[in-house]
Amino acid sequence: IGTEKFYKDVKSKIDSLKELGYFFLYEKTTNAEHNKTLEHKIRKIIGSPLPRNSSYKKMIDSLYPKIQYKTKLIDQPSYFELGLNLANSSRTDRDYKDIINYYENKYGEIKLTDCDFKTSIYEKYTLCREENKIPKKQSDDALIDFRNTFVANTIKKSERKNIAIIYGKAHMEGIIKNLSE
């Protein structure tokens, strides 16, 4: 989520880079298999609800209904609305299944409990105990580091000379580190 002004600035930068011939790699995890177990497992790794209909603003508003923001926040516009299309961009991210497989191969199987299934993936855990939580270091490894490596490797293998990356701030330091290695 961000301000309207922020996303206008993003679109302006995308338009400028398109004029210079840049190709865009963008962030977007998906549940390509539409598998409910994968949704519960990714929710457990994230440690918070998944956004309903990809609306982070609605999710945050429902989790923290009493927060008053100084400026109006909006959901990120679609990549199409920001000026991207199949000719000038590519989703360069991992699916839920890839993230979960990485996590389970490295840290062991994510065991889901009745509590996981009784709590909607769109709601805060209210029934589950704290010991059921995945440690932040492991979560960050699967959600951030694993995906950063994927983006960096995609860039390294690319024959394109002008690439722009549209990923969240939490990823940039890791992507740059991977590229410099």
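Details of the structure are given in the entry above.
Below is a short write-up of the structure. (Residues numbered from 1 in each chain as written. Predicted model: local features only at pLDDT ≥ 70, side-chain atom pairs only at ≥ 80, totals over all residues. Heavy atoms only, no water.)

Turning next to the environment of Asn85. For Asn85, the position within the fold is in the loop between β3 (73–74) and β4 (89–91). Asn85 sits in the partly exposed class, given a relative accessible area of 37%. For the pair formed by Asn85 and Phe24, sequence separation is 61 residues and the distance between their alpha carbons is 9.4 Å. At 2.8 Å, the side chain of Asn85 and the backbone nitrogen of Ala87 are in polar contact. (Helix = DSSP H or I, 4+ residues; strand = E, 2+ residues; numbered from the N terminus. Buried < 20%, exposed > 50% of the residue type's maximum accessible area, 1.4 Å probe, protein only. Polar contact = N/O pair within 3.5 Å; in protein donor to acceptor, adjacent residues only side chain to side chain.)

With that settled, the discussion passes to the pattern of salt bridges. Within this structure, the stated rule accounts for 14 salt bridges. Its salt-bridge partner being Lys44, residue Asp116 comes within 2.7 Å of it at the nearest N-O pair. With a gap of 72 residues between them, Asp116 in helix α5 (residues 114–118) and Lys44 in helix α2 (residues 36–46) connect regions that are remote in the sequence. Like Lys44, Asp116 is buried. Among the charged side chains, a salt-bridge network with shared partners connects Lys11, Asp15 and Lys18. (Salt bridge = Lys/Arg side-chain N within 4 Å of Asp/Glu carboxyl O.)

Let us look at the sheet that holds strand β2 (residues 23–26). Adjacent strands of a sheet pair through backbone hydrogen bonds, lying either parallel or antiparallel. Ordered in space as β4-β2-β5, the three strands form an open sheet in which the pairing is parallel. Lying at the two open borders of the sheet, with one neighbouring strand each, are β4 and β5 (163–166). Each neighbouring strand pair of the sheet contributes to a mean axis angle of 20 degrees, computed without reference to strand direction. Sheet topology places β2 next to β5; four bridges connect them, and they run parallel. Of the residues in β5, the one forming a bridge with Leu25 is Ile165. (Pairing = 2+ DSSP bridges. Axes fitted to C-alpha atoms, helices over the stretch in contact; angles between N-to-C directions.)

The subject of this paragraph is the packing of aromatic side chains. Within this structure, the stated rule accounts for four aromatic pairs. Pairing Tyr102 with Phe146 gives two aromatic rings, centres 4.3 Å apart and planes at 15 degrees, and the pair type is stacked. Within this pair, whereas Tyr102 is found in helix α4 (residues 96–107), its partner Phe146 is found in helix α6 (residues 136–157), the two being separated by 44 residues in sequence. For Phe146, a relative accessible area of 15% gives the class buried. Taking 4.9 Å as the distance between ring centres and 40 degrees as the angle between the ring planes, the aromatic pair formed by Tyr103 and Tyr107 counts as tilted. Of this pair, Tyr103 and Tyr107 both sit in helix α4, four residues apart, which is roughly one turn of the helix. Above the ring of Phe150, the side-chain terminus of Arg94 is found at 4.3 Å from the ring centroid. (Phe/Tyr/Trp six-rings, centres within 6.5 Å; stacked < 30°, edge-to-face > 60°. Lys NZ or Arg CZ within 6 Å of the ring centre and 35° of its normal.)

Nothing here speaks to function; it is all geometry.
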